[in-house]
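# Inside the fold
Residue strings, one per chain:
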Amino acid sequence: MLKLVLSHGGLAAELLHSVEQINGAAAGFPSLCIPGEAGVAQAREAIERRLEEITEIPEVSQVSQVSEDPEPILILCALYGDTPFRAASTLVRPGRVQVIGGVNLAMLLKLACSATAGLSLEDTARVLRDRARCAIEIGKVAACPAAAAEGDPRPAPEPAKGC
């Protein structure tokens, strides 16, 4: 499965940089940062060009018409409804191209760890969405050792779970 992370500005590249810092290895998929002034048409053209660089398909917009079975493409956008998301959504083809809006670091770590290997495009999208939702928590005040000695029952937060 081919993956592409999209955002305005440099967020997509920085998210993948964070994945590399945490995982100790590159995420294994590219990013594309869309200029803030780009409209949907310009963003779509940039997405198509980037996908054409990482696929064997000369026109990604025609992916559903390719006779051979190309790898599915998963496009992960920083924000549901923003320009990159709306542009990428025009490329959605069931079973071939899927778009997720609202990417977060937990989602990308899950994807980089091959935890979704062997899943269909749609199942991968669902697993990533669910992982992203589970990774959002309201913080708890961590009890320091001195507070614990004084009987403070609040446990320290658990460390983040990687792969």
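Figured I'd write up the structure that's included with this text. (Residues numbered from 1 in each chain as written. Predicted model: local features only at pLDDT ≥ 70, side-chain atom pairs only at ≥ 80, totals over all residues. Heavy atoms only, no water.)

## Overview of the overall build of the protein chain
The condition that has to hold: A run of DSSP states H or I qualifies as a helix once it reaches four residues; a run of E qualifies as a strand once it reaches two. Both are numbered from the N-terminal end. Partly exposed describes any residue whose relative accessible area lies between the buried limit of under 20% and the exposed limit of over 50%, with all areas from a 1.4 Å probe on protein chains only and scaled to the type maximum. Note on contacts: a residue pair qualifies if any of its non-hydrogen atoms lie within 4.5 Å across the two residues.
When you go through the protein chain residue by residue, the secondary structure sums to six helices and four strands. Burial statistics for the protein chain: of 163 residues in total, 39% are counted as buried. Long-range pairs, those at least 24 residues apart, make up 64% of the contacts in the protein chain with a sequence separation of at least 6.

## Structural notes on the sheet that holds strand β4 (residues 97-101)
Under the convention used in this document: Paired strands are those between which DSSP finds at least two bridges. Fitting a line to C-alpha atoms yields each axis, with helices limited to the stretch in contact; the angle taken between N-to-C directions then spans 0 to 180 degrees.
Taken in spatial order, the four strands line up as β2-β1-β3-β4 in an open sheet, and their pairing is parallel. Single-partner strands in this sheet number two, and they are β2 (31-34) and β4. Neighbouring strand axes in the sheet, compared pairwise and without regard to direction, differ in orientation by 20° on average. Where strand β3 (residues 73-77) meets β4, five bridges bridge the pair, whose relative direction is parallel. Among the inter-strand pairings, L76 is bridged to a residue of β4, identified as I100. Lying on the sheet, helix α4 (residues 105-112) is in contact with β1 (2-8), β3 and β4; it crosses β3 at an angle near 155°. Most of the contacts of helix α5 (residues 121-134) go to β4, to which it runs at about 10°, and overall it touches β3 and β4.

## Brief notes about the packing of helix α1 (residues 11-23) against α4
In plain terms, the rule: Throughout this description, any angle smaller than 35 degrees is read as roughly parallel, any larger than 145 degrees as roughly antiparallel, any in the 65 to 115 degree range as roughly perpendicular, and the remainder as oblique. Note on convention: near helix rotated counterclockwise from far helix by under a right angle means a left-handed crossing. Clockwise means right-handed. By the convention adopted, Pro, Cys, Tyr, Trp, Phe, Met, Ile, Leu, Val and Ala count as nonpolar, Lys, Arg, Asp and Glu as charged, and the other residues, Gly among them, as polar.
Their axes nearest at 10 Å, the elements α1 and α4 cross at an angle of 60°. When the axis of α1 is compared with that of α4, the two are oblique. Seen from above, α1 lies across α4 with right-handed handedness. Here α1 contributes L15, L16, S18, V19, I22 and N23 to the contact with α4, which in turn contributes L105, L108, L109 and A112. Of the residues in the contact of α1 with α4, the class split is eight nonpolar, two polar and no charged.

## Thoughts on the environment of R126
The test is simple: The definition of a polar contact used here is a pair of N or O atoms within 3.5 Å, where within protein one atom must be able to donate a hydrogen and the other to accept one, and adjacent residues in sequence count solely through side-chain atom pairs.
Take R126: it is sitting in helix α5. On the basis of relative accessibility, which here comes to 41%, the residue R126 falls in the partly exposed class. Considering only alpha carbons, one finds R126 and I100, 26 residues apart in sequence, at a separation of 9.2 Å. Here D123 takes part through its side chain, which lies 2.7 Å from a polar atom of the side chain of R126.

## Side note on the packing of α4 against α5
For the pair α4 and α5, interaxial distance at closest approach is 8 Å and the crossing angle is 135°. Between α4 and α5, the angle falls in the class oblique. Judged by the twist between their axes, the crossing of α4 over α5 is right-handed. Residue-level inspection shows A106, M107, K110 and L111 of α4 in contact with α5, the latter providing T124, V127, L128, R129, R131 and A132. Each residue belonging to the contact of α4 with α5 can be placed in one class, and the counts come to six nonpolar, one polar and three charged.

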